[in-house]
Amino acid sequence: MSATYLDSGKFYSKVQILTALMSLIRNIVIARVLAVEDYGVAATIGIVLSFIEMSTMLAFDKYLLKSRYGNNQRVVGATHSLGIIRGIIVAIFLFVIAEPVSQYFRISEKAWMFEVLALAPLIRGFLHQNAVVHQKKGSFYRLSQIELIPQLLTTLTISPASLHFADATVVLYVVILTSAGSVLVSHLLASLPFKLYFNKAVLVDILQYSWPLLVTGGLMFLVFQGDKAIVGGYYSLEDLALVTVVISLFSMPVMVFARIIMGIGMPLIVTELSTRSGSKNREFVICVVIVVACMAVAGFNSLGHIVIEYLYGDDYVPEQGVVYIISVLMGLRILRMPVQVFSLAAGDSKNGMYVGIVRASSLVPSLYFAMNGYEIIIILAIGIIGELLGLVLGSHLAKSVAPLSWNVLIVVFSFIWLLGVSLFSYWATDRYGIHPLAAFIMQFILLFLPFFLIFRSKFTMDFIHILKRV
């Protein structure tokens, strides 16, 4: 990894962290201004938007990184054409389903909010993809600015906006302003004009690469938002608000890390696989993922309850069991990240789809239990089984496209150890009143120690070198 690549990647990583913090600030401001029930209504907007974005994701950025036609102006123009078409179709679809969606969440009087939400995908369809060309060359600066500037604008204005709207409508303000800002900045920073091309071969190639990602995106919606959608449909808006706060807060650093790994790691893995220059970068990604997974589970499980109370207030604090279950879920999601990165880098966009099918299947029993009035914690706990099955299948599939010396036994051991240590820490903290910070340190050491003993040869000086530069 060159010094220039590391510096650019470091800047991109910091931007991801900064945008996540700004999103957290906006969520806190909105939660503090709105009543818990109104925050639950706002959560339904987030669920619907997530469904639209994930289930219609064509992943032009990933295609341009891997395209066999290169990333010249004609190829980029083809992605622009499909982007606009996608935006129009999605906007119409969202407008049509606004009424039935509002009825499902038992807020028929708010159907107009989902109709207005249709503006977001329509606007985003005009996003300029030129920043991805620079990303492939190892420069993340344009991509970072496209993400950072709109987030900064909405964060600076969220306080007066929330006071002005004083209800869930403020979420529409954030979504539409962010979409418009991203499109505007992408055009201002582009080094080439925005053009449309309709080359049949390229368009077919994009769709062939992207259709599994469309299915995967729909499945990922079920994975990331399915539990919340079930809670919103079969429990109260207050329950939805509490679950949303925990999942959103814990998901934020996880998603930031995922974007960093995908944005910085994928170009490295693409080069490594194409040049057949060993497996050093893949092994490094796995090691970093393990470290972060251990830190995430230990931190969420030990400190999550306190952080929620401090940031959102007493009204948003769930029972500790919910915090524990979601902590383990997030840890397993982090451990699944290398599967997606390696598979996409190898040009295989189907592995993620198969993993998503397995993971989403756990929602069937969740829906059954919800319909029969079981406690919410049961609904969330079932997801752990789905995450484990997805992790095992994904690890097996990834070996065929990005060979490494891992095996299923290590994956199963990772799950058992993760679950066992976090459960022990949860029990010990509650039983003996261990200080949360001490519980975090204890849990992290216990989680990480066996992995370090297994993978210590992979933790090279490169890891220390990157930490110093960051």
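Residues numbered from 1 in each chain as written. Predicted model: local features only at pLDDT ≥ 70, side-chain atom pairs only at ≥ 80, totals over all residues. Heavy atoms only, no water.

## Concerning helix 14 (residues 337-345)
Right, so step 1: Most of helix 14 is tucked away, with 8 of its 9 residues classed as buried.
Right, so step 2: Gly347 lies just past helix 14 and shows a positive phi near 85°. (Buried < 20%, exposed > 50% of the residue type's maximum accessible area, 1.4 Å probe, protein only. Helix = DSSP H or I, 4+ residues; strand = E, 2+ residues; numbered from the N terminus.)

## With respect to the confidence of the model for the protein chain
Right, so step 1: Taken as a whole, the protein chain shows an average pLDDT of 81; of its residues, 86% reach a score of 70 or greater.
Right, so step 2: Across the protein chain, the secondary-structure element scoring lowest on mean pLDDT is helix 20 (residues 461-469), at 52, and the one scoring highest is helix 5 (residues 111-117), at 92. (pLDDT = per-residue confidence, 0-100.)

## Quick notes on the packing of helix 8 (residues 141-165) against helix 9 (residues 169-189)
Right, so step 1: Closest axis-to-axis distance for the helix 8/helix 9 pair is 8 Å, and the angle between their directions is 150°. Comparing their axes, helix 9 and helix 8 come out roughly antiparallel. When you trace helix 8 past helix 9, the crossing you get is right-handed.
Right, so step 2: Looking at side-chain class alone, the contact of helix 8 with helix 9 contains 13 nonpolar, 10 polar and 1 charged residues. (Axes fitted to C-alpha atoms, helices over the stretch in contact; angles between N-to-C directions. Parallel < 35°, antiparallel > 145°, perpendicular 65-115°, else oblique. Left-handed = near helix turned anticlockwise from the far one by under 90°. Nonpolar A, V, L, I, M, F, W, Y, C, P; charged D, E, K, R; others polar.)

## Quick notes on the environment of Phe369
Right, so step 1: Inspection of the secondary structure assignment puts Phe369 in helix 16 (residues 363-371).
Right, so step 2: Each C-alpha atom, one on Phe369 and one on Ile382, is 9.9 Å from the other, the two residues being 13 residues apart in sequence.
Right, so step 3: Filtering out sequence-adjacent residues up to four positions away, Phe369 remains in contact with Tyr235, Tyr374, Ile378, Ile379 and Ile382. (Contact = heavy atoms within 4.5 Å.)

## Re the environment of Ala168
Right, so step 1: One can find Ala168 in the loop between helix 8 and helix 9.
Right, so step 2: Linking Ala168 and Leu34, residues 134 residues apart in sequence, is a C-alpha distance of 7.7 Å.
Right, so step 3: Beyond its immediate stretch of four places on either side in the chain, Ala168 contacts Leu34, Asp38, Val41, Ala42, Ile45 and Met113.

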